[in-house]
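Reading the structure
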Amino acid sequence: MQKRIILVMKKYIIEPLGVMHLAGIAKELGLDVRIFLHEDFNFQPLFEEIESFKPDWVGFSTWTGAHLQTFRAADIIRKMGVKVAIGGPHATYFSEECAGHADAVAKGESFRILRQILTGVSLPGIVEASPRIFFDTQPRVEDFPLPSAGRDIVYHRYPDLGASPIKSIMGSTGCPFHCSYCNSPHLNEMYGGFEKVFRVRPIDDIIREAVHVRDEWGAEMFYFQDDIFGYRIDWLTEFSRRWKKEVGIPWHCQIRLELIKGDVGLRRLELFREGLCSGITLAIESGDDFLREFVLLRPMPHELIVEGCKKIMDFGLTLRTEQILQIPFSNLKTDLSTLKLNCEICPQMSWSSILAPFGETNMGKIAHNFGFYTGNNDDLDEVFYFDYSQLRHSETAKSVIEPIARKISEEKKTQRFESPLLKMFAKPGENESLVSDVYYRDESLIGIKPESLCKIQFMNDEENTRYCDQTSRLQRLFNWLSKVPQGWKLGEKWTSLPKEDWTFAKLGELTEAHLKECGYGERAEKWKIEFAARLGCSADNLPPGIRDNPLYFCFFPSSDEFAKRIQEKKIFDLDSWKFFNALGGEARRWLFSRFVYKTDAATPPIAKA
């Protein structure tokens, strides 16, 4: 009888690339394969499908934050008499925890591990690190399995993913950098270095996959999900030539600013453009150099950021920046500095998130060690960003710690991607829950009681809630504020208002006054008149909701059409918190399709600085 497997993952707007590659292996081995993408952890349809399909295995791919729901579903499935395998990031870093809920756990790369599980044949290099926990010590022995079969399964079952004009694809895996919020540094360490993890797919395979998706599923653009696309110039040279000739549609990718420095960086951008790249996504993360260097472990000078972003846009490529707000040692001033930097860069899109401090990352360790975060992975969401901060923040900790961290770094001669914060910790003082003493772990002083370096003061509940509210509101408007002249000043005015004044109408009042102060008063009036004309009315007779803040829409491409979209979706009918959530989401999607990817035609924004 033909063996059967169901591969399970949460449904996102991006198709599940890893699961689709795994499905390629199962299909190659002759299994009957299904892919189930759950929505909001509703596993009841999965249980019903298991009853009728009767699979031999159910495989979960899971992230930290989704693990508890996965465990509960896995326990039920095993009681149904079906074997369960768990892979993904959480299984890599918390494999022992996963082993209590599975018959097999894939630690690290799981392609060959799945092959071994399904065939029952031991493969060289795969070890059972602990009972039911498998680790592939030779992850680059075979090439990536082609995911075409998995794509067809997903696109047939989930037509919305199949109908999307933008399809995701992978050209390589691995990253040599050390960002504290990412698990790649730990994966590199697990395998003995980046070079042992980094894998570039054969160009033949990528072309074959892209042509299949283009012809069968109508792809108009591909998004390469690699952390650092085009890392090897020799590979990129051949790829660009062949992609343009054999695939012929645009693509978007992610890179690091360090990779476009000097002559090699210039050549990389030339090859991107020649190969039909239309845009780039890159992370800045913070406008504060201390936070970038010591907390985020991204030591990029301000000049590199500004000049690098300008270079990208000078090549005619669209630019999307990424940043994380409310990290350890941040405050409203540092969050606004990140907005200010994006106003200086002026990318097509300034995507922002609020930190989720995953415990397996160095960021999670810093947050825990200093007491910014006292929870555990069980209270985190599965996405790497939050709608609302889970941290206890400090207004003054950065100013206290920064000189100490810089001094230790200089004295210890730490490497570029090291941070003394990883060896520091804080302990609350007696009867002072909001005041902590900070210490440094020095291996040369083992056995000697450390001395307190300083004290840090945390916000009380009211202060912390206020700051979290301020940045959450700022985050919903970040894309827009980065396009407004001196938008960081408007952001500061907005967040300083009492919470009850955080309305769209009040934002409209602030915007008009702010633009007048910046010398844009006359132009703003002309923008409103043109905007109203496009809507078929006068500036004094704008539709309800839109009239509260017409200048908001003027900074978006196809300004009038965007306003109509918000009106048609009845977003103006929502209360304040839900309104800004929905408005921010629609703004993000509008900018993606009409400004970053340009899959939808659009007119330029009415507002021009």
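Our structure's up above, just so we're on the same page.
Residues numbered from 1 in each chain as written. Predicted model: local features only at pLDDT ≥ 70, side-chain atom pairs only at ≥ 80, totals over all residues. Heavy atoms only, no water.

Here we take up the sheet that holds strand S6 (residues 126–130). The 7 strands lie next to each other as S2-S1-S3-S4-S5-S7-S6, forming an open sheet whose pairing is mixed. At either end of the open sheet lies a strand with only one pairing partner, and these are strand S2 (32–38) and S6. Within the sheet, the average angular offset between the axes of one strand and its neighbour, ignoring direction, is 25°. In the sheet, strand S4 (residues 83–87) pairs with strand S5 (residues 104–107) via 2 bridges, with the strands oriented parallel. (Pairing = 2+ DSSP bridges. Helix = DSSP H or I, 4+ residues; strand = E, 2+ residues; numbered from the N terminus. Axes fitted to C-alpha atoms, helices over the stretch in contact; angles between N-to-C directions.)

This part covers the environment of aspartate 288. The residue aspartate 288 is located in the loop between strand S13 (277–285) and helix H14 (289–295) in this model. Spatially, the C-alpha atoms of aspartate 288 and leucine 336 are 9.5 Å apart, while their sequence positions differ by 48 residues. Contact partners of aspartate 288, with chain neighbours within four places excluded, come to Thr334, Ser337 and Lys398. Within polar-contact distance, the side chain of aspartate 288 engages the side chain of lysine 398 at 3.3 Å. (Contact = heavy atoms within 4.5 Å. Polar contact = N/O pair within 3.5 Å; in protein donor to acceptor, adjacent residues only side chain to side chain.)

The tally for this structure, following the rule as stated, stands at 41 salt bridges. Residue arginine 115 pairs with glutamate 142 through a salt bridge whose shortest N-O separation is 3.1 Å. Of this pair, arginine 115 sits in helix H6 (residues 111–119) while glutamate 142 sits in the loop between strand S7 (133–136) and helix H7 (148–157), and the two are 27 residues apart along the sequence. Here arginine 208 makes a salt bridge to aspartate 205, at a shortest N to O gap of 3.1 Å. Within this pair, arginine 208 and its partner aspartate 205 are both found in helix H11 (residues 203–217), separated by 3 residues, close to a single helical turn. Given the relative accessible area of 12%, aspartate 205 is considered buried. (Salt bridge = Lys/Arg side-chain N within 4 Å of Asp/Glu carboxyl O. Buried < 20%, exposed > 50% of the residue type's maximum accessible area, 1.4 Å probe, protein only.)

This part is about the nonpolar core. The tendency in soluble globular proteins is for nonpolar side chains to be buried side by side. Among the nonpolar cores identified, the biggest contains 94 residues, and Phe60, Phe239, Trp243, Trp251, Phe272 and Ile280 are the most heavily contacted of them. The next biggest cluster of nonpolar side chains, apart from the first, holds 57 residues, and it includes Cys518, Leu583, Phe595 and Tyr597. (Core = buried A, V, L, I, M, F, W, Y, C linked by side-chain atoms within 4.5 Å.)

The next point concerns the packing of helix H19 (residues 461–481) against helix H20 (residues 487–496). One can describe the packing of H19 onto H20 by two numbers: an axis separation of 10 Å at closest approach and a directional angle of 145°. Both H19 and H20 take part in a crossing whose hand is right-handed. Residue-level contacts link Arg466, Gln470, Arg473, Leu474, Leu477, Trp480 and Leu481 of H19 to Gly487, Leu490, Gly491, Trp494, Thr495 and Ser496 of H20. Along the lines of polarity and charge, the residues of the contact of H19 with H20 split into 6 nonpolar, 5 polar and 2 charged. (Left-handed = near helix turned anticlockwise from the far one by under 90°. Nonpolar A, V, L, I, M, F, W, Y, C, P; charged D, E, K, R; others polar.)

Let's shift gears to H11. Given a rise of 1.5 Å per residue, 15 residues ought to cover 21 Å, and the 20 Å separating the end C-alpha atoms of H11 matches this to within 8%. Considered for burial, the residues of H11 that qualify are Ile203, Asp205, Ile206, Ile207, Glu209, Ala210, Val213 and Trp217. Looking at the buried positions of H11, the neighbouring elements they touch are H7, helix H8 (159–163), strand S8 (166–169), strand S11 (221–224) and helix H12 (233–246). In the stretch just after H11, glycine 218 is the one whose phi turns positive, near 65°. (Expected span 1.5 Å × (residues − 1).)

Scanning the entire structure with this criterion turns up 51 aromatic pairs. Geometrically, the ring pair formed by phenylalanine 224 and phenylalanine 239 is edge-to-face, given 5.5 Å between the ring centres and 85° between the ring planes. Of this pair, phenylalanine 224 sits in strand S11 while phenylalanine 239 sits in helix H12, placing them 15 residues apart in sequence. Using a relative accessible area of 0% as the deciding quantity, one classes phenylalanine 239 as buried. Aromatic pair tryptophan 480 and phenylalanine 555: ring centres 6.4 Å apart, planes at 80°, arrangement edge-to-face. Within this pair, whereas tryptophan 480 is found in helix H19, its partner phenylalanine 555 is found in the loop between helix H23 (550–554) and helix H24 (559–568), the two being separated by 75 residues in sequence. Neither residue differs from the other here; tryptophan 480 and phenylalanine 555 are each classed as buried. One cation-aromatic arrangement involves lysine 167 over tyrosine 155; the distance from NZ or CZ to the ring centre is 5.3 Å. Taking NZ or CZ as reference, arginine 256 lies 3.9 Å from the ring centre of phenylalanine 177, over its face. (Phe/Tyr/Trp six-rings, centres within 6.5 Å; stacked < 30°, edge-to-face > 60°. Lys NZ or Arg CZ within 6 Å of the ring centre and 35° of its normal.)

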